[in-house]
Structures are given as structure tokens and as C-alpha cells.
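# Architecture and fold: a report
So you can see what is in the structure, the chains are spelled out below.
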Amino acid sequence: MRRRGKFGMSGLPWQDPIWAGCEKHKPIRNGPRWPIVRAGTNQGNKVAKYHEDMTLDEIEELEMSFIDSDHLIYERRGVRYYYGNSFGGGVVGASYGEDTSFIVIQRYQAGHVHGYPETRQRLIDRMRKYNPELLVKFLERFPS
Amino acid sequence: MTHIDWTGILAGRGTVDFSSLEIPESRDEFETDVAQLSLHRGFFIDVGWNSDTARYVVTLFRDTFENALAEVECSTPSDVVEAVRQLIDATDRTVQSASSLHTNSSKFQFQDA
């Protein structure tokens, strides 16, 4: 019998989470000014970016802090998707051309953890599609 | 869905940073980050999903994502695997002249088969 939470669709166990880094989304050091970076997140392949003030240690701490059942949005195809937000409510990065304090964290069955900034609206859209119950709690906690 | 054995494809030439075990034929708008592979000498391969175009995007970059050396758009998971193989091989071939690759700011656009 498959034990929910410990085994994924393939029947393989979920490994302990380990941070995988964020090469694609890591802050751009000594690069364009933030407004240009932010605008770039809404162009081309729309790659979200962490803010230049975020260190990799801070990003790792942030992403690893929300791997729990309270922040689990859904599980699909061997990936669990969680949400998180900056500890003080400040901007952590940009996505789709907007500053945001929210992130999405992907935890792969093999244990790798990888996250990126996400807009509040896209988080809401994601919760509405996959976890309406969590959306209610989310809107109570983050009304605007 | 296509099962992906990145470790076998890498064959000791890098490591899997993250990836799901299988790649479906299509994804929804929220499944943007598919896989990332670390190669030697600071090279990375990112596999992303562009929901606007409904195509996979395979990017070879060095050190930072902004230093993209090649970008390949793919329609299917099998195209993704082939593109990754070609980029790994290309990196192998050019590793002796990596500095020239590194300083080439042009972005190569490959047409998938």
C-alpha cells in the first residue's frame, strides 16, 4: 500500500529536502539596475529574479523555511509545490514585471529544492486551480 | 510521459541539480522550471517551459543565466533530450577553448529537428 506523503507516484520514497541552488533566478551582481531587471522578468522567457540585495544564504534559508504541510499547494508529477513569503514582508524579487514578496518552492521527489519569486496574483491563480481550501487561508493571511 | 535519465545522459560529465523523473508532453502555465544540470567548468544547462509559446527552452549558460551561450526551443521531451545531448557534447568539444566561448556574447539559436 502506498503511504501518502512518503511515496510518490512512481512508488519511490520522497527524499529529505536539500537545497539545489537558484542559478536561473539568482540575483544579478553588478548588472543592470533593479528596475531594468524587474522589467526583464516580463520579457522573453519571463524568468523571475531574486532581488540584488538577497544573498544566496538568505535565499536558501527562505526557500527551505516553507517546506511543510501548511505551505503545500499541490503535488503533481513527482514535484511538490509550496509557497512562501519574505520574513518581513519586503520585496524578495520580481516576476512578470512586478516586485513581489512571495516565492514558489518546488521540491522534487529526489529531494532537490528549487524556488523562485512569484507574483501574488499568480500564486492565487495557482491555488484557485489546485488548492482552493489553501487559497481561502492565504487570502485571510494576506488580504492584499 | 517521457522518463528522463539525466544521470545516464550526463555520463559523469556533470550532475543533476534538480529535475522531475519524467517530462510530460505538455505542461500548464505554472510548471516553468523543468530541470537544471551542472556541467564542469561553470557551465549549466537549464530546461524551462515557456507557456506563452508552449515550447520547452533549453539554455546553456556559464556562471550566470545572463551569460547564455546557446538557446534551443523544443516541442517535445525527446527534442529536449536531444538538445541537451548536443549541448553537452558541444561543451565537451569546446572546453579547451572555453574562454573563447565564454566571451562570445552572441546567442546561438538552434532549430530543433
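For the structure, see preceding data.
Since the structure is predicted, the reported quantities are computational estimates derived from the model, not experimental observations.

## Description of the overall build of chain A
The helix and strand inventory of chain A stands at 4 helices and 8 strands. Listed N to C, the secondary structure of chain A is β-α-β-α-β-β-β-β-β-β-α-α in terms of helices and strands. Judged by the C-alpha coordinates and their principal axes, chain A covers about 55 × 30 × 30 Å. For chain A, the share of sequence-separated contacts (at least 6 apart) that also reach a separation of at least 24 residues comes to 53%.

## Examining the overall build of chain B
Of regular secondary structure, chain B possesses 3 helices and 8 strands. Starting at the N terminus and walking to the C terminus, you meet the elements of chain B as β-α-β-β-β-β-β-β-α-α-β. Summarising the internal contacts of chain B: among those between residues at least 6 apart in sequence, 39% fall at separations of at least 24.

## Here's the deal with helix α3 (residues 120-130) of chain A
Note: α-helices contain 3.6 residues per turn, so residues at a spacing of three or four share the same orientation. Residue and element names in this part refer to chain A. Within the span of α3, buried status applies to L123, R126 and M127. For α3, the arc enclosing every buried residue in end-on projection is 95°, short of the 170-degree limit, so these residues lie on one face. Those residues of α3 hidden inside the fold are in contact with β3 (72-76), β4 (79-85), β7 (102-108), β8 (112-118) and α4 (132-141).

## With respect to the interface of chain B and chain A
Facing the 17 residues of chain B at the interface are 19 residues of chain A. Tallying contributions element by element places strand β5 (residues 43-50) of chain B first for the side of chain B that touches chain A, with 4 residues.

## Remarks on unusual backbone geometry
One non-glycine residue, A:N30, lies in positive phi territory at about 55°. Along the polypeptide, A:N30 turns up in the loop between β1 (18-19) and α1 (34-40). Taking the number of C-beta atoms within 10 Å as the measure of exposure, A:N30 has 5 and is therefore exposed. In this model, B:D63 sits at a positive phi of 70°, which is unusual for a non-glycine residue. Here B:D63 lies in the loop between β6 (55-62) and β7 (64-74). For B:D63, a count of 12 C-beta atoms within 10 Å puts it in the exposed group.

## Observations regarding the sheet that holds β1(A)
Sheets are built from strands paired through backbone hydrogen bonds, the pairs being either parallel or antiparallel. Residues and elements named next belong to chain A. With mixed pairing, 5 strands are arranged side by side in an open sheet as β1-β8-β7-β4-β3. Every interior strand has two partners, whereas the edge strands, β1 and β3, have only one. Note that β4 and β7 share 7 bridges and pair antiparallel. The partner of G84 across the bridge, within β7, is I103. Sitting on the sheet, α3 touches β3, β4, β7 and β8, and the angle it makes with β3 is about 60°.

## Points about the sheet that holds strand β6 (residues 98-100) of chain A
Residue and element names in this part refer to chain A. Pairing in this open sheet of 3 strands is antiparallel, and the strands run β2-β5-β6 from one edge to the other. Because the sheet does not close on itself, it has two edges, and the strands there are β2 (49-50) and β6. Across 2 bridges, the pairing between β2 and strand β5 (residues 93-95) is antiparallel. Among the inter-strand pairings, K49 is bridged to a residue of β5, identified as A94.

## Re the nonpolar core
Grouped burial of nonpolar side chains is what soluble globular proteins tend to show. Counting residues in each nonpolar core, the largest one holds 50 residues, and the members touching the most others are B:I45, B:Y56, B:V58, B:V80 and B:L87. Every residue in contact with B:V58, bar those within four places of it in the chain, is listed here: B:I45, B:V47, B:V72, B:C74, B:V80, B:A83, B:V84 and B:L87.

## Quick look at the environment of B:T2
All names here are of chain B. Checked against the element boundaries, T2 lands in strand β1 (residues 2-3). Between the C-alpha atom of T2 and that of P24, which follows or precedes it by 22 residues, the distance is 6.2 Å. Not counting chain neighbours up to four residues away, the residues in contact with T2 comprise E22, I23, P77 and S78.

## Section: helix α2 (residues 77-94) of chain B
Residues and elements named next belong to chain B. If you check α2, its first and last C-alpha atoms are 26 Å apart, about what 18 residues at 1.5 Å a residue would give, namely 26 Å. Turning to α2, its buried residues are P77, V80, A83, V84, L87, I88 and T91. The arc enclosing the buried residues of α2, seen along the axis, measures out at 135°, which places them on a common side. Opposite its buried face, α2 presents the exposed residues R85, D89 and R93, each directed more than 90 degrees away.

## Some words on the packing of α3(A) against α4(A)
All names here are of chain A. Viewed as axis vectors pointing N to C, α3 and α4 meet at an angle of 145°, and their least axial separation amounts to 6 Å. In contact with I124, M127 and R128 of α3, α4 contributes P132, L134, L135 and F138. Here the contact of α3 with α4 is built from residues that sort into 6 nonpolar, no polar and 1 charged.

About the thresholds
Residues numbered from 1 in each chain as written. Chains lettered and ligands numbered in written order. Predicted model: local features only at pLDDT ≥ 70, side-chain atom pairs only at ≥ 80, totals over all residues. Helix = DSSP H or I, 4+ residues; strand = E, 2+ residues; numbered from the N terminus. Contact = placed C-beta atoms within 7 Å. Buried ≥ 20, exposed ≤ 12 C-beta atoms within 10 Å, placed from the backbone. Arc of directions from axis to C-beta. Pairing = 2+ DSSP bridges. Axes fitted to C-alpha atoms, helices over the stretch in contact; angles between N-to-C directions. Core = buried A, V, L, I, M, F, W, Y, C linked by C-beta atoms within 7 Å. Expected span 1.5 Å × (residues − 1). Nonpolar A, V, L, I, M, F, W, Y, C, P; charged D, E, K, R; others polar.

Coordinates in, geometry out; function isn't part of it.
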